[in-house]
Amino acid sequence: MNPDIRTIVILTGAGISAESGLATFRGPDGLWEGHRVEDVCTPQALRRDPALVHRFYDERRARLAQVRPNAAHEALAALDRAWPGELLIVTQNVDDLHERAGATRLIHMHGELRSALCAACGAAVAWEAGLPPGSICPGCGQPALRPDIVFFGEMPYDMDRIEDALARADLFVSVGTSGAVYPAAGFVQTARHYGARTIELNLDPSAGSIWFDESRMGPASLLVPALVHELLA
Ligand code: OAD
């Protein structure tokens, strides 16, 4: 790997957690755990049927206790510990497998299952249990807690920090994401624009495959440790 690489941005998607046993979003049937994305991942769905939306994320949150980080999460955490330059892992995933593997330079741009968001005061609260609609915010006392998930039409978290890192990146790596959801799908173009080398790791070429300098096809649990080995060699 090029010794001039100092700043690395890594974007991860559902594919990195697939081998831990978590379903990807766009299964062959186009459904997410049996639901249309519009029924569980939009502000309209939350207004129309809060019980369904809360229950859906309660089930996803409970599932976290049954899964573990895999070799790909472990390898990125090892890179995070060892990389002397700037590094940012940006995940679209709402699971907590990156941090359970030990990654710290991490942004959850689409929110987190183990967090609740107060629709009244905007506070984010660590949350482990079920979250029925009307749960009370410990900060402002309003019955306004909702899943801390960025729904379609809402602004992803920390976009300023992400854009800054992309503009400085020497290497941009995308792992296990279909490239179907913006703004994350456009990160590769931003990074290229500012001069980064771009590598895609995926089982199959993603929608944005043409934007990558290099595409490596295979399971994340093999491809990510191999890339990390190259970077730390
Ligand atoms: P998708 O389900 O759209 O795509 C998963 C990708 O992972 C596909 O490109 C698969 O080929 C790849 N994949 C599957 N198994 C893999 C493996 N073992 N190793 C490597 N790659 C593998 O998931 P995302 O791209 O993450 O948004 O979806 C993006 C966003 O759409 C999600 O964050 C979510 C969803 O709606 C929100 O929740 C706001």
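Up top is the structure.
Here the structure is a predicted model, which is why all the values come from computation and not from measurement.

Conventions used here
- Residues numbered from 1 in each chain as written.
- Predicted model: local features only at pLDDT ≥ 70, side-chain atom pairs only at ≥ 80, totals over all residues.
- Heavy atoms only, no water.
- Helix = DSSP H or I, 4+ residues; strand = E, 2+ residues; numbered from the N terminus.
- Rg over C-alpha atoms; globule rule 2.2 N^0.38 Å.
- Buried < 20%, exposed > 50% of the residue type's maximum accessible area, 1.4 Å probe, protein only.
- Contact = heavy atoms within 4.5 Å.
- Areas by Shrake-Rupley, 256 points an atom, 1.4 Å probe, with all protein chains shown as cover.
- Lys, Arg positive; Asp, Glu negative; His and termini not counted.
- Charge placed at Lys NZ, Arg CZ, Asp CG, Glu CD.
- Pairing = 2+ DSSP bridges.
- Axes fitted to C-alpha atoms, helices over the stretch in contact; angles between N-to-C directions.
- Phe/Tyr/Trp six-rings, centres within 6.5 Å; stacked < 30°, edge-to-face > 60°.
- Salt bridge = Lys/Arg side-chain N within 4 Å of Asp/Glu carboxyl O.
- Core = buried A, V, L, I, M, F, W, Y, C linked by side-chain atoms within 4.5 Å.

K.L.:
Mind showing me how you'd approach the overall build of the protein here?
P.N.:
Looking only at helices and strands, the protein features nine helices and nine strands. Its C-alpha radius of gyration of 18 Å places the protein within 12% of the 17 Å reference for a compact globule of 233 residues. Principal-axis analysis of the C-alpha atoms places the extent of the protein at approximately 55 × 35 × 30 Å. Every one of the 233 residues in the protein was classed for burial, and the buried ones make up 51%. Sequence separation of 24 or more characterises 63% of the internal contacts of the protein that already satisfy a separation of 6 or more. When the accessible area of the protein is evaluated, it comes to approximately 10,700 Å², of which 53% is carbon and sulfur surface. If you average the places of the 20 positive and of the 29 negative side-chain charges in the protein, the two averages end up 2 Å apart.

K.L.:
Mind showing me how you'd approach the sheet that holds strand β2 (residues 87-91) here?
P.N.:
What links the strands of a sheet is backbone hydrogen bonding, and the strands pair in either a parallel or an antiparallel sense. Judged by pairing direction, the sheet is parallel, and its six strands sit side by side in the order β3-β2-β1-β7-β8-β9 without closing on themselves. Lying at the two open borders of the sheet, with one neighbouring strand each, are β3 (106-108) and β9 (214-217). Taking the axes of each pair of neighbouring strands and ignoring which way they run, one obtains an average angle of 15 degrees across the sheet. Here four bridges tie strand β8 (residues 197-202) to β9, and the two strands are oriented parallel to one another. Each bridged residue has a counterpart across the sheet, and for I199 the counterpart in β9 is E214. Strand contacts of helix α7 (residues 159-168): β1 (8-12), β2, β3 and β7 (171-175), with the helix running at about 130 degrees to β2, the strand carrying the most contacts.

K.L.:
What exactly am I supposed to notice about the packing of aromatic side chains here?
P.N.:
Each aromatic ring pair is described using two quantities: the centre-to-centre distance and the angle formed by the ring planes. Applying the stated criterion across every chain, the model contains three aromatic pairs. A centroid spacing of 6.2 Å and a plane angle of 40 degrees characterise the contact between Y57 and F151, whose relative ring orientation is tilted. With Y57 in helix α4 (residues 50-63) and F151 in the loop between β6 (145-149) and α7, this pair connects stretches of sequence that are 94 residues apart. Take Y57: its relative accessible area is 0%, and that puts it in the buried class.

K.L.:
It is not clear to me how the pattern of salt bridges should be interpreted in this structure. Could you clarify?
P.N.:
Here the idea is simple: oppositely charged side chains can pair when their charged atoms come close. Counted under the stated rule, the structure contains 14 salt bridges. Here R36 and D39 are joined by a salt bridge, their closest N and O atoms 3.1 Å apart. When its relative accessible area of 23% is taken as the criterion, D39 is described as partly exposed. Where E128 meets R114, a salt bridge forms, and the shortest distance between an N and an O atom there is 3.0 Å. Here E128 is found in the loop between β5 (124-126) and β6, whereas its partner R114 is found in strand β4 (residues 111-118), with 14 residues between them in sequence.

K.L.:
How should I be thinking about the nonpolar core in this particular structure?
P.N.:
Generally speaking, a soluble globular protein has its nonpolar side chains buried in company with each other. Formed by 26 residues in total, the largest nonpolar core has its most connected members in I8, I10, V175, L201 and V224. Listing elements by their share of this core, those giving two or more residues are β1, α5 (71-82), β2, β7, β8 and α9 (220-232). At six residues, α9 tops the list of elements feeding residues into this core. Those residues within four positions of L201 in sequence are excluded, and the remaining contacts are V173, S174, V175, G176, R216, L223, V224 and L227.

K.L.:
Looking at this structure, how should I read the pairing of β1?
P.N.:
In regular strands, side chains alternate between the two faces of the sheet. Counting buried positions over the five residues of β1 gives five, a clear majority of the element. Residues I8, I10 and T12 line one face of β1 and the alternating positions V9 and L11 line the opposite face, and both faces are buried. Where β1 lies against β2, five bridges are found, and the strand directions are parallel. When the sheet's bridge partners are listed, I10 is paired in β2 with I89. Where β1 lies against β7, five bridges are found, and the strand directions are parallel. When the bridges of β7 are listed, I8 appears paired with L171.

K.L.:
Explain the sheet that holds β4 here, please?
P.N.:
The three strands are arranged β5-β4-β6 in an open sheet whose pairing can be described as antiparallel. The two strands at the open ends of the sheet, each matched to only one other strand, are β5 and β6. Sheet twist, expressed as the mean angle between neighbouring strand axes with direction ignored, is 45 degrees. Strand direction decides the pairing type here: β4 and β6, joined by four bridges, are antiparallel. Paired with L117 across the bridge in β6 is R146. Each of β4 and β6 touches α4; the most contacted strand, β6, lies at about 55 degrees to it.

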